[in-house]
Amino acid sequence: MIELKSHLAGNWTPGYGKPTTLVNPATEAELAKVGGGETDFAAARAYARDIGGPGLRAMTFKQRGEMLKATSRALHQKRDALLDCAIESGGVTRSDAKFDVDGAIGTLAFYGELGEKIGDVKMLDDGEPFQLARSPRLFGAHARVSRLGVAVHVNAFNFPAWGLAEKAACALLAGMPVISKPATSTALLSFRIMELLVGEKILPEGALSFVAGSTGNLLELLDGQDVLAFTGSSSTGATLRGGKSVVAHNVRVNVEADSLNAAVLGPDVDASSDTFNLFVSDVVRDMTQKTGQKCTAIRRVYVPKDRVAIVIDALKERLALVKVGDPAKEETTMGPVATAQQLRDVRAGIDKLATCARVVLGGSAPVSDKGFFVAPTLLVGENPKPSDPVHNHEVFGPCATVMPYENPDDAARLVRAGGGGLVSSVYSDDRDFIQSVVLGIAPSHGRVTIGSAKIAGQAVPPGTVMPSLIHGGPGRAGGGEELGGERGLAFYMHRVALQGDRALLEALLGKR
Ligand code: NAP
């Protein structure tokens, strides 16, 4: 059996924490083991900070961009092996595996290109320099410089490739060394990526470290130059944000957590239209892609009262085509959820939603004796109230609830009852309706997707996170913000005000 190791202070060492066995979620066959080793996290952090940090900061953005492009190419060369690993260890179909692995490759390439575009500079300007007082010589400016600590990344189980890459791309481009910890249950794929990057020697020594198993006392060692970026459940996010050292040293923290993403269908949308087709396709894709284990997946579907039956029929018709099974088999279109615990949580979650809504497809009943399978499950909530579980309980599986709304304000009120989300979408070709709903829900979301007839054939689904757009959301979603092109670098950089002679400032900022 494979043993997952950490790569810390330049060496492979046994993973830390409770010994754990990783299994194939479809067959429950044992694949790998992790944990049981001793780890000196203080030495690991010091190595990343003192060896990795200076190595990265000696490079310009352009050079770090070239480095990221090389990592993207290295992953692309081993893409097939990484996809096979994702299918076996994550229980995902080949198409879902591509979503994760190609997402990683694409995000690294995107940030590589951004670095090349920023150019041969070591600090970023933050707005144009400006005259500070009467003298035309005395200028002020704001700039961003790389922080001197380490970026600790703690990731969720559902994106073992993209999760590692999207966070690392921003931190490394910003000049910060990374210590990355994947969720243990699906860490085999992250470990394979780490093995590949260590073998290729593309990154400077100490720039990227890897924790297999748990983080031990690492988070207690962080100080004011370090940052912590976390993706996972709200409860773990709250625990890490409240960590003693994190609070005492004002460690910068970014949390990407749960989200009860919604889709709203406009009253103008006819069932035979392209917009309706886009809406149905997006809901079905989000319910079934990665078996609904996407933080951005649509969980709540709001439709005009008189459309509930039509929408349920359309969704049931498409969901009937879903083939649940072992993703190693070609005919399978939806695999199991990732772990036995995940299966228990999803089944209990469906039962919880069933206290305020009626199951019209699927349900919490077991689907097979072996493997962590659950059926695509659709519910209808005839009389939704903001306090219902459907508005505050995330079922992290192939499950969504259809509910009616009265008018645009009511739709926005129900969407906001989710308490803050990563993304919600509006499907309509009526500009007034779109404007009312977008204004009503934008303050409680990181992203809003508008699906309309004009983009029906080329729309990027709401569940897809683009490196050029910000990812994160207020409230329940964690209050974080990642990606968004150059915006994604801000978390890893310190903003400083500069004042002095105009020519000197402009030279410092690479303006002349
Ligand atoms: P989780 O149980 O909160 O775990 C997330 C990560 O935290 C894992 O790496 C876990 O490690 C680690 N962890 C747990 N307790 C810790 C502690 N005390 N100290 C340090 N690390 C700790 O979440 P999950 O089950 O992996 O992920 C599912 C959740 O993530 C869902 O709620 C989903 O909505 C959310 N999610 C959000 C986003 C987003 O971008 N907003 C993206 C993906 C997922 P171990 O695995 O070793 O326990």
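The following paragraphs examine the structure supplied in this document. Worth saying up front: this structure is predicted, and the values here are computed from it rather than measured.

Section: the packing of helix 4 (residues 94-118) against helix 5 (residues 162-174)
Then, number 1: Two numbers describe how helix 4 lies on helix 5: the axes approach to 8 Å, and their chain directions differ by 10°. Considering the angle they form, helix 4 stands roughly parallel to helix 5. Along the contact surface, helix 4 presents Asp-100, Gly-103, Ala-104, Thr-107, Leu-108, Tyr-111, Leu-114 and Gly-115, while helix 5 presents Trp-162, Ala-165, Glu-166, Ala-169, Cys-170 and Leu-173.

Considering helix 1 (residues 41-57)
Then, number 1: Between its first and last C-alpha, helix 1 extends 23 Å over 17 residues, near the 24 Å set by a 1.5 Å rise per residue.
Then, number 2: Packing partners of the buried residues in helix 1 comprise strand 1 (2-8), helix 2 (61-77), helix 5, strand 9 (178-181) and strand 10 (208-210).
Then, number 3: The residue sitting at the N-terminus of helix 1 and contributing the capping side-chain oxygen is Asp-40; that oxygen lies 3.2 Å from the backbone nitrogen of Ala-42.

Structural notes on the site of the ligand
Then, number 1: Within the structure, the ligand sits among 24 residues, and Asn-155, Thr-184, Ser-233, Glu-394 and His-471 are positioned closest to it.
Then, number 2: When the ligand sits alone it has 920 Å² of accessible area, and the protein chains cover 77% of it.
Then, number 3: Within the residue set of the shell around the ligand, elements represented by two or more residues are strand 11 (227-231) and helix 7 (234-241).
Then, number 4: Partitioning the shell around the ligand into residue classes produces eleven nonpolar, nine polar and four charged.

Let's talk about the packing of helix 3 (residues 79-90) against helix 6 (residues 187-200)
Any two packed helices are characterised by how steeply their axes cross, that is the angle between the axes, and by the distance between the axes.
Then, number 1: Between helix 3 and helix 6, the least distance of the axes is 9 Å, while the angle of their chain directions is 155°. Relative to helix 6, the element helix 3 is oriented roughly antiparallel. Note that helix 3 runs across helix 6; the crossing there is right-handed. Counted together, Leu-82, Cys-85, Ala-86 and Ser-89 of helix 3 and Leu-188, Leu-189, Arg-192, Ile-193 and Leu-196 of helix 6 form the full contact between these two elements.
Then, number 2: In terms of residue class, the contact of helix 3 with helix 6 is built from seven nonpolar, one polar and one charged.

As for the environment of Leu-504
Then, number 1: By the element assignment, Leu-504 lies in helix 14 (residues 502-508).
Then, number 2: Judged by relative accessible area, Leu-504 falls into the exposed class, the value being 59%.
Then, number 3: On a C-alpha basis, the gap between Leu-504 and Arg-137 in space is 9.9 Å, while along the polypeptide they are 367 residues apart.

Some thoughts on the sheet that holds strand 19 (residues 445-451)
Hydrogen bonds between backbone atoms are what pair the strands of a sheet, whose relative direction is either parallel or antiparallel.
Then, number 1: Spatial strand order, 15-16-17-14-13-18-19: seven strands in an open sheet with mixed pairing. With one partner strand each, in any of the chains shown, strand 15 (358-361) and strand 19 form the two edges of the open sheet. Averaged over all pairs of adjacent strands, the angle between strand axes in this sheet comes to 25°, irrespective of strand direction.
Then, number 2: Relative to strand 17 (residues 399-405), strand 16 (residues 377-380) runs parallel, the two sharing four bridges. Bridge pairing in strand 17 links Thr-377 to Cys-399.
Then, number 3: Along the sheet face, helix 9 (residues 274-288) touches strand 13 (261-265), strand 14 (298-304), strand 16, strand 17, strand 18 (421-427) and strand 19 and points at about 155° away from the line of strand 14.

Observations concerning the nonpolar core
Note that soluble globular proteins tend to have their nonpolar side chains buried in a common cluster.
Then, number 1: In terms of nonpolar packing, the biggest core is built from 63 residues, with Leu-4, Leu-75, Tyr-111, Leu-172, Leu-489 and Tyr-492 touching the most fellow members.
Then, number 2: At the level of secondary structure, the elements contributing two or more residues to this core comprise strand 4 (30-34), helix 2, helix 3, helix 4, helix 5, helix 6, strand 10 and strand 11.
Then, number 3: Broken down by element, the residue count for this core peaks at ten residues, all from helix 5.
Then, number 4: If near-sequence neighbours (up to four positions away) are discounted, Tyr-111 is found in contact with Gly-65, Leu-68, Ala-169, Cys-170, Leu-173, Pro-467, Leu-483, Gly-484, Gly-485, Gly-488 and Leu-489.

Quick look at a nonpolar patch on the surface
Then, number 1: The grouping of Phe-130, Leu-132 and Leu-138 at the surface amounts to a nonpolar patch, some 230 Å² of accessible area in total.
Then, number 2: Considering the arrangement of structural elements, one finds Leu-132 in the loop between strand 6 (130-131) and strand 7 (138-146).
Then, number 3: Since its relative accessible area comes to 38%, Leu-132 is described here as partly exposed.

Re the pairing of strand 14
Then, number 1: Counting buried residues along strand 14, seven of its seven residues qualify, which places the element largely inside the surrounding structure.
Then, number 2: For the crossover from strand 13 across helix 9 to strand 14, the handedness is right-handed.
Then, number 3: Bridge analysis of strand 14 against strand 17 gives five bridges, and the strand direction is parallel. By the bridge assignment for strand 17, Val-303 is matched with Pro-404.

Topic: helix 3
Then, number 1: Between its first and last C-alpha, helix 3 extends 16 Å over twelve residues, near the 16 Å set by a 1.5 Å rise per residue.
Then, number 2: Structurally, helix 3 contributes buried residues whose contacts are with strand 3 (20-23), strand 4, helix 2, helix 4 and helix 6.
Then, number 3: The positive-phi residue at the C-terminal boundary of helix 3 is Gly-91, with phi of around 70°.

What counts, and where the lines are drawn
- Residues numbered from 1 in each chain as written.
- Predicted model: local features only at pLDDT ≥ 70, side-chain atom pairs only at ≥ 80, totals over all residues.
- Heavy atoms only, no water.
- Axes fitted to C-alpha atoms, helices over the stretch in contact; angles between N-to-C directions.
- Helix = DSSP H or I, 4+ residues; strand = E, 2+ residues; numbered from the N terminus.
- Parallel < 35°, antiparallel > 145°, perpendicular 65-115°, else oblique.
- Contact = heavy atoms within 4.5 Å.
- Expected span 1.5 Å × (residues − 1).
- Polar contact = N/O pair within 3.5 Å; in protein donor to acceptor, adjacent residues only side chain to side chain.
- Near = heavy atom within 4 Å.
- Areas by Shrake-Rupley, 256 points an atom, 1.4 Å probe, with all protein chains shown as cover.
- Nonpolar A, V, L, I, M, F, W, Y, C, P; charged D, E, K, R; others polar.
- Left-handed = near helix turned anticlockwise from the far one by under 90°.
- Buried < 20%, exposed > 50% of the residue type's maximum accessible area, 1.4 Å probe, protein only.
- Pairing = 2+ DSSP bridges.
- Core = buried A, V, L, I, M, F, W, Y, C linked by side-chain atoms within 4.5 Å.
- Patch = residues over 30% accessible without salt bridge, like charges linked within 9 Å, V, L, I, M, F, W, Y side chains within 5 Å.
- Salt bridge = Lys/Arg side-chain N within 4 Å of Asp/Glu carboxyl O.
- Right-handed = clockwise from strand over helix to strand, strands pointing away.

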